[in-house]
Amino acid sequence: MPNKRILLFFLLAVVMLSCILTISYGLERWQTLPLLFTYSLAFAAYISIYQLVRQEKHVWWLLGFSLLLRILLIPAIPNLSDDIYRFIW
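Cut-offs applied
- Residues numbered from 1 in each chain as written.
- Predicted model: local features only at pLDDT ≥ 70, side-chain atom pairs only at ≥ 80, totals over all residues.
- Heavy atoms only, no water.
- Phe/Tyr/Trp six-rings, centres within 6.5 Å; stacked < 30°, edge-to-face > 60°.
- Buried < 20%, exposed > 50% of the residue type's maximum accessible area, 1.4 Å probe, protein only.
- Helix = DSSP H or I, 4+ residues; strand = E, 2+ residues; numbered from the N terminus.

Within the structure shown, the criterion is met by two aromatic pairs. Between F9 and F10, the ring centres sit 5.5 Å apart and the planes meet at 70°, which makes this aromatic pair edge-to-face. Residue classification places F9 among the buried positions, given a relative accessible area of 2%. Of the residues examined, F10 reaches a relative accessible area of 41% and is grouped as partly exposed. A ring pair is formed by F9 and F65, whose centres lie 6.4 Å apart and whose planes are at 75°; its orientation type is edge-to-face. Taken as a pair, F9 in helix α1 (residues 3-26) and F65 in helix α3 (residues 59-72) lie far apart in primary sequence, 56 residues in all. By the burial criterion, F9 is buried, and F65 matches it. Each residue in the set F9, F10 and F65 is aromatic and connected to the rest through ring pairs, giving one cluster.

Have a look at this one:
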C-alpha cells in the first residue's frame with residue numbers, strides 16, 4: 001500500500017473502532033439517535049475500509065483490524081438487549 005492509502009486505512013480504522021467502542025461501552029438502549037448516527041458512521045467506515053483493502057488486495061490489514069476489534073469487545077456486556085442472560089445459556 002502506498003503511504004496515503006495506509007494513512008487513510010488507519011484513519012478509517014480509528015473512526016470505525018471509536019464508533020464500535022462507543023456503541024459497545026458508551027450508549028444505552030434509549031439513546032436512539034446517537035446509536036443510529038454512530039452505527040451509520042461505523043458502517044460507512046467499514047465499507048470504505050473494505051473498498052480500500054479490496055483494491056489493493058491486502059487482506060491481512062483487514063484481518064488484523066478485525067481481530068483487534070474482537071479482542072477489544074470481549075469484556076463488553078450486551079447493553080442494547082433486555083435478555084442478556086439468555087445469551088449465557
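Anyway, onward from the coordinates.
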